[in-house]
Amino acid sequence: MEEHLSRENQWPFEFRQCTTILKATGRKASNLKELRHIISIVSDDSIFHHTYQYFLKEHILEYTNDFAHWAGESLEERAVAEELSNIDPYGYATLAELRSALLSVIDSCLEIVSQDRPAPPGEEFYFNETITYVFPAGVWASNLAEFLMALKFVDDGSIYYHFYEARMRVPGGVDDFSQWIEQALHKKELAERIRAIDPFMHDTSEIRAYITDIVMKEVSRDMERMGVDI
Amino acid sequence: MIERYSGISPKGDLILLRKLAEKLAGKTFLHINSTREGGGVAEILQRMIPIMSSLGINARWDVIKADDKFFDMTKKVHNALQGYPETIGKDMWDHHRAVNEKNAAELDLEADATVIHDPQPVPLINFRKNGVWIWRCHIDVSNPQKEVFSEIGKYVSKFDAALYSVSRFAGGMSKNEFIISPSIDPLAEKNRELSRDEIEETARRLDIPLDRPVILQVSRFDRFKDPTGVIMAYRKVKKYNDCVLVLAGSPATDDPEGAEVLNEVRQFASDDPDVRILLLPAFSDKDINALQRMATVILQKSLKEGFGLTVTEGMWKGKPVIGGAAGGIPLQITHGVTGFLVHSIEGAAFRIRQLLNNSDMAERMGQQAREYVRQHFLITRQVRDYLAVWYTLSEGTKSLVEL
């Protein structure tokens, strides 16, 4: 046990978090054709914001990016929304590839929609970008019990940073939590259980609840193994 | 001072705020607008300046001095930018410029960052000295009268950045356009927790009966807030639901139309004893707080709106708010979750009836509304955003900043 603890302490998990400041691009789309055109020319930062950063915002779980959300809610093109929601941004190595995938889906949709109807006035799609600030949350965890406590304490922006944004940073496209649990705590099975959570089917609050539950069970098992009454 | 927000504001906002303040400590942050009292801009500046100062930033707030002719003209500009037809002659634009030139001679414009609020003081950009200059637009300019937009745009294009409350207000007037929603201060007299005694004291003094549901709209007496539409909605509700309607507002020194609209509303209400029209003196913050807390349902039936901070205030008090789908109101009210969005008098009446007849739904909606405000619309988030934009402009715009 002592050996196990000292190994944990060598690499504490530092919780960080991110927050964004919204910047307008000055571009807006009123219908699918315009959306397609602007997606083809808008900055990578804007594509990033409307896809990867979708999970940093409150959103409707029926959709997985802003384009799908707009197609479903403002254009009321449900089939288009479904197809756009099926795009997994983490499945592409570059933003250029993701952009091509978005264009390809919209092109095929434009062939089948009966008419390219406009969004109601005031509900046009406004293309934005963000300036992302990343900073320490002021919380560290050296073992699983501390990790559990910290998980309950940090803001949603921290959950987003480590569970979603990490997939762009960490080799293998995995989240920071499971990476640390596997590499620092050598708990591969626990890491796999966290990696099995579908990132698209939950918001950050639910992700927090799922991971807390999984880790809580692991901590309870560890305590039982150590003979601690719980 | 900032520690007073611990346990109220999101933790991350406070951490980032402190980190940005460390970078900007000792520098001067100047804000200029056209009124010290009345309206959301003055209200938020009264609260923001002390917070910035307490973080070690040399924050200053100046107000331009002007005559009635100037404010008549800028009210027309305000209306025209919100899409209302107005005629503004060359002599008026000349007066606008001349008044600002006179103010520029009297104001200390030396600052590391200067924020000019709304169109009234926008010509001060011609007298910029140093630092970063930012134009803060608090109004809905999504469908402006083109000529007026173009005249104001000539000034705005000279700023380093423009800030808007909502994405669709950003109109290509500046090369850097940021979206920063306004906010409320949870510790201000207008929003702090009140005791039952304090609420009842206000009710007694303002003669508001508490034996029936209270429907409330707090806003300036301005046609864009549709006060007569609110009375019409109340009349439809009253048929089956006994209730009291309270319309409360304060005069603003930069709004010469207020008295005229108030008179119209009084005439329209006729002699209905259950319609209370209250012209509250400036700084009636505690009374407004008490009115919002005694209300069963809060309305903000705006036809045009900048952001609609009274919506935020009502939501913070855990009340269900019914808002017109205008300006920044849809950003605050997720229809059916944190309140209701309406597009007509009939819609407003229907939602009031629904809430009066389903107290569980009203309670649930109110709690969701309060949490949404906590996450997005408290003053600490807005100060954080102002400092972040200033820091970004000073350091050169990058899409990722690690602190």
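For the structure, check the block above.
Being a predicted model, the structure only gives us computed values, none of them experimental.

Trainee: Help me out: how do you make sense of the overall build of chain A in this one?
Mentor: Helices and strands together make up the secondary structure of chain A, namely eleven helices and two strands. Each helix (α) and strand (β) of chain A, taken in turn from the N terminus, gives the series α-β-α-α-α-α-α-β-α-α-α-α-α. Each of the three principal axes of chain A carries a C-alpha extent, and together these read 70 × 30 × 30 Å. Considering chain A as a whole, with its 230 residues, one finds that 53% of them fall into the buried category. Surface exposure of chain A reaches about 10600 Å², of which carbon and sulfur atoms provide 51%. Averaging the locations of the 22 positively and 40 negatively charged side chains of chain A gives two centres separated by 2 Å.

Trainee: Honestly, the interface of chain B and chain A in this entry has me stumped. Any pointers?
Mentor: The accessible area lost on association of the parts is a frequent measure of interface size. Facing the 30 residues of chain B at the interface are 24 residues of chain A. Together chain B and chain A conceal approximately 2300 Å² of surface at their shared face, both sides included; 59% is due to carbon and sulfur atoms. If you sort the residues of chain B by the area they bury against chain A, Lys11, Arg168 and Ser399 of chain B come out on top, with a joint share of 22%. Counting the contacts that link chain B with chain A gives two salt bridges.

Trainee: Would you take a moment to explain the sheet that holds strand E2 (residues 125-141) of chain A for this structure?
Mentor: Pairing between the strands of a sheet comes from backbone hydrogen bonds, and it takes one of two forms, parallel or antiparallel. With mixed pairing, nine strands are arranged side by side in an open sheet as E2(B)-E1(B)-E3(B)-E4(B)-E5(B)-E6(B)-E1(A)-E2(A)-E13(B). Edge positions in the open sheet fall to strand E2 (58-63) and strand E13 (400-402) of chain B, since each of these has one partner strand only. Direction aside, neighbouring strands of the sheet carry axes that sit 25 degrees apart on average. Here three bridges tie E2 of chain A to E13 of chain B, and the two strands are oriented parallel to one another. By the bridge assignment, Val134 of chain A is partnered in E13 of chain B with Glu402 of chain B. Most of the contacts of helix H1 (residues 11-24) of chain B go to E2 of chain A, to which it runs at about 90 degrees, and overall it touches strand E1 (13-29) and E2 of chain A.

Trainee: What am I meant to see in the sheet that holds strand E10 (residues 297-300) of chain B here?
Mentor: All names here are of chain B. Here six strands make up an open sheet; going across it, the order is E9-E8-E7-E10-E11-E12 and the pairing parallel. Of all the strands in the sheet, the pair left with one neighbour each is strand E9 (275-279) and strand E12 (340-342). Going across the sheet, the axis of each strand differs from the next one's by a mean of 20 degrees, ignoring polarity. Contacts from helix H9 (residues 285-294) reach strand E7 (214-218), strand E8 (244-249), E9 and E10, with the element oriented near 140 degrees to E7.

Trainee: Please explain the pairing of strand E11 (residues 321-324) of chain B as it appears in this structure.
Mentor: The side chains of a regular strand alternate between the sheet's two faces. Residue and element names in this part refer to chain B. Residues Val321 and Gly323 point to one face of E11 and Ile322 and Gly324 to the other, with burial holding for every one of them. Here three bridges tie E10 to E11, and the two strands are oriented parallel to one another. Among the inter-strand pairings, Leu299 is bridged to a residue of E11, identified as Ile322. Following the backbone out of E10, through helix H10 (residues 309-316) and into the adjacent parallel E11, one traces a crossover that is right-handed. Taken together, the three bridges between E11 and E12 define a ladder with parallel strand orientation. Counterpart to Ile322 in the pairing with E12 is Phe340.

Trainee: Quick question: what am I supposed to make of the environment of Phe169 of chain B here?
Mentor: All names here are of chain B. Turning to its location among the elements, Phe169 is positioned in the loop between strand E5 (161-164) and strand E6 (177-179). Along the sequence, Phe169 and Asp140 sit 29 residues apart, while their C-alpha atoms lie 5.8 Å from each other. Apart from the residues lying within four places of it in its own chain, the contact partners of Phe169 are Ile139, Asp140, Val141, Ser142, Tyr164, Glu305, Gly306, Gly327 and Gly328.

Trainee: Would you explain the pairing of E5 of chain B in this entry?
Mentor: Residue and element names in this part refer to chain B. Burial along E5 is two-sided: the face carrying Ala161 and Leu163 and the face carrying Ala162 and Tyr164 are both buried. By the bridge criterion, three bridges tie strand E4 (residues 132-136) to E5 in an arrangement that is parallel. When the bridges of E5 are listed, Trp135 appears paired with Ala162. Taken together, E4, helix H5 (residues 146-156) and E5 form a β-α-β motif whose crossover is right-handed. Sheet analysis places E5 next to E6, joined by three bridges and oriented parallel.

Trainee: Just to check I follow, could you spell out the pattern of salt bridges for this structure?
Mentor: Where charged atoms from two side chains of opposite charge approach closely, those side chains can pair. Residues and elements named next belong to chain A. Throughout the structure, instances matching the rule amount to 54 salt bridges over all chains. A salt bridge links Glu192 to Arg195; its shortest N-O distance comes to 3.6 Å. Highlighted residues: Glu192 and Arg195, both in helix H10 (residues 188-195), separated by three residues, approximately one helical turn. With its nearest N and O atoms 3.1 Å apart, the salt bridge here joins Lys217 to Asp213. Of the two residues, Lys217 and Asp213 are both situated in helix H11 (residues 204-225); the distance of four residues between them amounts to about one turn of the helix. One continuous salt-bridge network, built from bridges that share partners, spans Lys187, Arg193, Glu218, Arg221, Asp222 and Arg225.

Trainee: Explain helix H13 (residues 359-376) of chain B here, please?
Mentor: Working note: α-helix, 3.6 residues per turn, so residues spaced by three or four point in the same direction. All names here are of chain B. For H13, built from 18 residues, the straight-helix expectation of 26 Å at 1.5 Å per residue is met to within 8% by its first-to-last C-alpha distance of 26 Å. For H13, the complete set of buried residues consists of Met361, Ala362, Met365, Gly366, Ala369, Tyr372 and Val373. Relative to the axis of H13, the buried residues are bounded by an arc of 130 degrees and lie together on one face. Turning to H13, the residues buried within the fold contact H10, helix H11 (329-332), E12 and helix H12 (345-356).

Reading the values: the criteria
Residues numbered from 1 in each chain as written. Chains lettered and ligands numbered in written order. Predicted model: local features only at pLDDT ≥ 70, side-chain atom pairs only at ≥ 80, totals over all residues. Heavy atoms only, no water. Helix = DSSP H or I, 4+ residues; strand = E, 2+ residues; numbered from the N terminus. Buried < 20%, exposed > 50% of the residue type's maximum accessible area, 1.4 Å probe, protein only. Areas by Shrake-Rupley, 256 points an atom, 1.4 Å probe, with all protein chains shown as cover. Lys, Arg positive; Asp, Glu negative; His and termini not counted. Charge placed at Lys NZ, Arg CZ, Asp CG, Glu CD. Contact = heavy atoms within 4.5 Å. Buried area = accessible area lost by both parts, 1.4 Å probe. Salt bridge = Lys/Arg side-chain N within 4 Å of Asp/Glu carboxyl O. Pairing = 2+ DSSP bridges. Axes fitted to C-alpha atoms, helices over the stretch in contact; angles between N-to-C directions. Right-handed = clockwise from strand over helix to strand, strands pointing away. Expected span 1.5 Å × (residues − 1). Arc of directions from axis to C-beta.

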